[in-house]
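Okay, here's what each chain looks like letter by letter:
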Amino acid sequence: MKIRPLRCLFLSSALLLSPFMQVQADTADKTIALSNNYAGNSWRQNMLGSWKQTTDDAVKKGVIASADAFTTGENQATEQAAQIQNLILQGYSAIVINAASPTALNGAVKQACDAGIIVVSFDGIVTEPCAYRISMDFKQSGLDQMDYLAKRFPNGANILEIRGLAGVSVDEQIHSGIVAGAQKYPNLKIVGSVNGNWSQTAAQKAVAGILPSLPNIDALVTQGDDGYGAAQAFMSAGRPTPTIIFGNREEELSWWKKQKDANGYESFSISSAPSISSLAFWVAQQLLDGKQMPHDLLSPAVSVTQDSLEPALKGLEKGGIVSQVYSVDDVATLTSPSAH
Amino acid sequence: MKRVPLLTTVMGKPWLWSFLAALLIWIATIAFTGGQGAGSLLSGSLSFSAFFVIVGIGQMFVITTGPGNIDLSIPANIALSGAIGMKLMDGQPGLIWLGVVGVLGAGMLIGCANYALIRVLRIPPIIATLSASFLLQSMAIAYGRSIRIQPPEMFYQFCTGNIWGVPFLAISVVLLAVIMGYVLTRSIYGRWTIAIGQNARAAELAGGHVNLIRFATYVLSAVFASLCGLLLAGFSGGASLSMGEEYLLASIAVVVIGGTSVAGGFSNVPGIWGAALFLYLLVSMLNTFGASAGVRLILTGLIIIAVITAVSGRKSARTA
């Protein structure tokens, strides 16, 4: 075998130096776009805010050249597909997507991959294999709710389930966690189920409609942005307030705090953090930097307990959602579902 | 046949169908639960239907003015008005008047803007009000950042309270419906609205101020939607961005199920109440039966088709 000393020297020095090279070095001239399908609720507003906060900082520090956010007007897959095609033409290095549909954007996503663009989807993920997916373990969050209730009600309880928007995969996943929990704890009985569409007013209406036909309700399992509305429905029906599992919204936690101070109300709150958008940004940045990652990644859920309620509320702005700011270091801690 | 006299009465009043459907569904629900919760179900349906009725009346006047006239800005209007109302009231009972005045003013401005797009820029109403809704929704997002300001206690009590199980809100909206029913069928404005819907050209030749009437109608619809947004925010303990969402289709559905002609020119107010009760009770019934979301949507669609067919069956029976 012929040895080439010069090549060896270059190669070994590159290998030696690489750990010391800063992340900024390779992505400073790269651009990332956020393609978002909807902005009309508080979670999405917080998600966009978190994106802006993280990317503004990253641009200022020279980690990335630009990171623009684009939101479609009509929450439709066709519109978002056209938007992604536009972003391809504009020459972005990576596109981060919160998708209107898991499958309908696959064509446009494939085009982006073929054009050498890195595609990272989060929250509303896409199934196209070339894209990366960051999602919360929604099934586990459903199971976590039931685990909490099993501890709270060792002698069994009547439970009303508030589901999200029918036909959306997230709703199916959380629901499957709830169902698994009901099988695990046979004395937790789900006596009714309504769709609250992740909206306080829709949840209030749906709960008020089914409540007259229900026996005494001990607890509510929810999907976020519906607990406060459900509490309103119980109050106006003049029924005792059950243990409502909340979804980390400020109004829900404030209401919980008020009840806690007044009568020792106990509960639990769990939801995905809207700052998952900043995590997606860092994943895209790391991929642009040449890092290898599995295509499916799990982001952790954020939960609030009876003891962490006050710290969680502190500094939480009105209309906000409990969140955590992700840095580039958090990317390394992400697990893939198979390892989970 | 024995049924014929009843049938002809029903045929003569299209709105009776929606009340009949609502009653049947209520009985079916009560039968399922063995009589439990009959009263509170009715009380709840009166509360929630009141919101549908407010926007439904506004939408009905718009639809009455003839083919192509529709107000799609209602959901965004509701979101914006709820936010404006809660912010102006700021949780203080002394500022309730300011919230009410501010919201009604916002409604009038929105109505004027809608009609300016339609008339001055000559944009078809369906596009004009839809694009207006984008502007309004964006304003609601920008303005309502600090959402969920609690309504003043007194306002909250008005929106959620009841007397012998009958919500204050339902009583007020029944009064409003009676007044608007009178306006539609007895007042000069109402009669011109119907005339324009039947034939705008003929109405114009007969001396009707077509543009003025349409202008007033779009303002009316926007003001009612704003009012609904304010009351809804009071009812659910604060405004939220998504609270108007379901009112786009619902505002049209209650008008059509209530027996108003989509082509315009033939309208009635009582039917809106029947249709609103019907829609709420229908979803509650399917929830009570424990139907899954898929089955629920299919049944909702089928039952609505059945009721609309029954309503239009009356028209063909009349012409036959």
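Residues numbered from 1 in each chain as written. Chains lettered and ligands numbered in written order. Predicted model: local features only at pLDDT ≥ 70, side-chain atom pairs only at ≥ 80, totals over all residues. Heavy atoms only, no water.

Named according to an unreviewed UniProt entry, chain B is Autoinducer 2 import system permease protein LsrD originating from Pseudomonas psychrophila. Quoted straight from UniProt, the Function (unreviewed entry) entry for chain B says "Part of the ABC transporter complex LsrABCD involved in autoinducer 2 (AI-2) import. Probably responsible for the translocation of the substrate across the membrane." As stated in UniProt under Sequence similarities (unreviewed entry), the record for chain B gives "Belongs to the binding-protein-dependent transport system permease family. AraH/RbsC subfamily." (UniProt positions renumbered as here; feature names shortened; annotations may be inferred.)

As recorded in an unreviewed UniProt entry, chain A goes by the name ABC transporter substrate-binding protein, listed as coming from Pseudomonas psychrophila. According to the UniProt record, the Subcellular location (unreviewed entry) comment for chain A reads "Cell envelope".

Peer 1: Could you clarify how one ought to interpret the overall build of chain B in this entry?
Peer 2: Assigned secondary structure in chain B consists of 14 helices and two strands. Compactness check: chain B gives a C-alpha radius of gyration of 20 Å against a globular reference of 20 Å for 320 residues, within 12% of the reference. A burial count over chain B gives 53% of its 320 residues as buried. Across chain B, the fraction of contacts at a sequence separation of at least 24, relative to all contacts at a separation of at least 6, is 78%. Element-wise, carbon and sulfur atoms account for 74% of the exposed surface of chain B, whose accessible area totals about 13,700 Å². For chain B, the distance from the average site of its 16 positive side-chain charges to the average site of its 6 negative ones is 17 Å. (Helix = DSSP H or I, 4+ residues; strand = E, 2+ residues; numbered from the N terminus. Rg over C-alpha atoms; globule rule 2.2 N^0.38 Å. Buried < 20%, exposed > 50% of the residue type's maximum accessible area, 1.4 Å probe, protein only. Contact = heavy atoms within 4.5 Å. Areas by Shrake-Rupley, 256 points an atom, 1.4 Å probe, with all protein chains shown as cover. Lys, Arg positive; Asp, Glu negative; His and termini not counted. Charge placed at Lys NZ, Arg CZ, Asp CG, Glu CD.)

Peer 1: Mind showing me how you'd approach the sheet that holds strand β11 (residues 296-299) of chain A here?
Peer 2: Two modes of strand pairing occur in sheets, parallel and antiparallel, and in both the strands are linked by backbone hydrogen bonds. All names here are of chain A. One open sheet accounts for six strands, arranged β2-β1-β3-β4-β5-β11; its pairing is parallel. Strands with a single pairing partner mark the edges of an open sheet, and in this sheet they are β2 (66-71) and β11. Sheet twist, expressed as the mean angle between neighbouring strand axes with direction ignored, is 20 degrees. For strand β1 (residues 31-36) and β2, the ladder comprises six bridges, and the chain directions are parallel. Across the sheet, the residue bridging to Ile32 is Ala67, located in β2. (Pairing = 2+ DSSP bridges. Axes fitted to C-alpha atoms, helices over the stretch in contact; angles between N-to-C directions.)

Peer 1: Got a minute to help me understand the packing of helix α4 (residues 74-89) of chain B against helix α11 (residues 210-235) of chain B in this structure?
Peer 2: A packed helix pair is summarised by two numbers, namely the angle formed by the two axes and the spacing between the axes. Residue and element names in this part refer to chain B. Packing of α4 against α11 leaves a shortest axis separation of 7 Å and a crossing angle of 55 degrees. Considering the angle they form, α4 stands oblique to α11. The interaxial crossing formed by α4 with α11 has right-handed handedness. For the pair formed by α4 and α11, the contact residues are Ile74, Asn77, Ile78, Ser81, Gly82, Gly85, Met86 and Met89 on the first element and Ser221, Ala222, Ala225, Ser226, Cys228, Gly229, Leu230, Leu232, Ala233 and Gly234 on the second. A breakdown of the residues in the contact of α4 with α11 according to their chemical character gives ten nonpolar, eight polar and no charged. (Parallel < 35°, antiparallel > 145°, perpendicular 65-115°, else oblique. Left-handed = near helix turned anticlockwise from the far one by under 90°. Nonpolar A, V, L, I, M, F, W, Y, C, P; charged D, E, K, R; others polar.)

Peer 1: Just checking my understanding: could you explain the domain arrangement of chain A for this structure?
Peer 2: One frequently used descriptor of interface size is the decrease in accessible area upon assembly of the parts. Taken domain by domain, chain A holds domain 1 (26-130 + 273-315 + 322-333) and domain 2 (139-245). Taking only C-alpha atoms into account, the centre of domain 1 of chain A sits 30 Å from that of domain 2 of chain A. (Domains from an automatic or database assignment.)

Peer 1: Would you mind showing me how to read the interface of chain B and chain A here?
Peer 2: Each partner contributes residues to the interface: chain B has 32 residues there, and chain A has 31 residues. Counting each side, the surface lost to burial between chain B and chain A is near 2,600 Å², with a carbon and sulfur contribution of 53%. On inspection of chain B and its partner chain A, the count reaches one salt bridge. The partner of Glu246 of chain B in a salt bridge is Lys205 of chain A, with the nearest N and O atoms 3.1 Å apart. Going through the elements one at a time, α3 (38-64), α6 (125-143), α11, α13 (270-288) and α14 (293-319) of chain B are the ones with two or more residues in the side of chain B that touches chain A. Its residues assigned to classes, the side of chain B that touches chain A comprises 13 nonpolar, 14 polar and five charged. (Buried area = accessible area lost by both parts, 1.4 Å probe. Salt bridge = Lys/Arg side-chain N within 4 Å of Asp/Glu carboxyl O.)

Peer 1: Looking at this structure, how should I read helix α10 (residues 250-263) of chain A?
Peer 2: Given 3.6 residues per turn, any residue in an α-helix points the same way as the ones three and four places further on. All names here are of chain A. Under the 1.5 Å per step criterion, the end-to-end length of α10 is 20 Å for 14 residues, consistent within 8% with the ideal 20 Å. Taken residue by residue, α10 has Glu250, Glu251, Glu252, Leu253, Trp255, Trp256, Gln259 and Lys260 as its buried positions. In the core, the buried residues of α10 are packed alongside α8 (200-210), α9 (227-236), β10 (269-271), β12 (302-304) and α12 (309-313). Among the residues trailing α10, Gly264 stands out with phi positive, at a value near 70 degrees. (Expected span 1.5 Å × (residues − 1).)

Peer 1: What am I meant to see in the packing of α4 of chain B against helix α5 (residues 96-119) of chain B here?
Peer 2: Residue and element names in this part refer to chain B. One can describe the packing of α4 onto α5 by two numbers: an axis separation of 8 Å at closest approach and a directional angle of 150 degrees. Compared by their axis directions, α4 and α5 come out roughly antiparallel. The two elements α4 and α5 cross, and the hand of that crossing is right-handed. Residues Asn77, Leu80, Ser81, Ile84, Gly85, Leu88 and Met89 of α4 touch α5, and the partners they reach there are Ile96, Leu98, Gly99, Val100, Gly102, Val103, Ala106 and Ile110. Of the residues that constitute the contact of α4 with α5, the class distribution is ten nonpolar, five polar and no charged.

Peer 1: Just to check I follow, could you spell out helix α5 (residues 106-114) of chain A for this structure?
Peer 2: Residue and element names in this part refer to chain A. Among the residues making up α5, those that are buried are Asn106, Ala108, Val109, Ala112 and Cys113. Seen end-on, α5 carries its buried residues on one side only, within an arc spanning 160 degrees. Taken together, the buried residues of α5 touch α4 (77-89), β3 (94-98) and β4 (118-122). Once α5 ends, the next one or two residues include Gly116, with phi positive near 85 degrees. (Arc of directions from axis to C-beta.)

Peer 1: Explain the UniProt feature "domain: Periplasmic binding protein" (unreviewed entry) in chain A here, please?
Peer 2: Feature annotation in UniProt assigns "domain: Periplasmic binding protein" (unreviewed entry) to the following positions: residues 32-292 of chain A. Helix makes up 46% of residues 32-292 of chain A and strand makes up 19%, while its end C-alpha atoms are separated by 18 Å.

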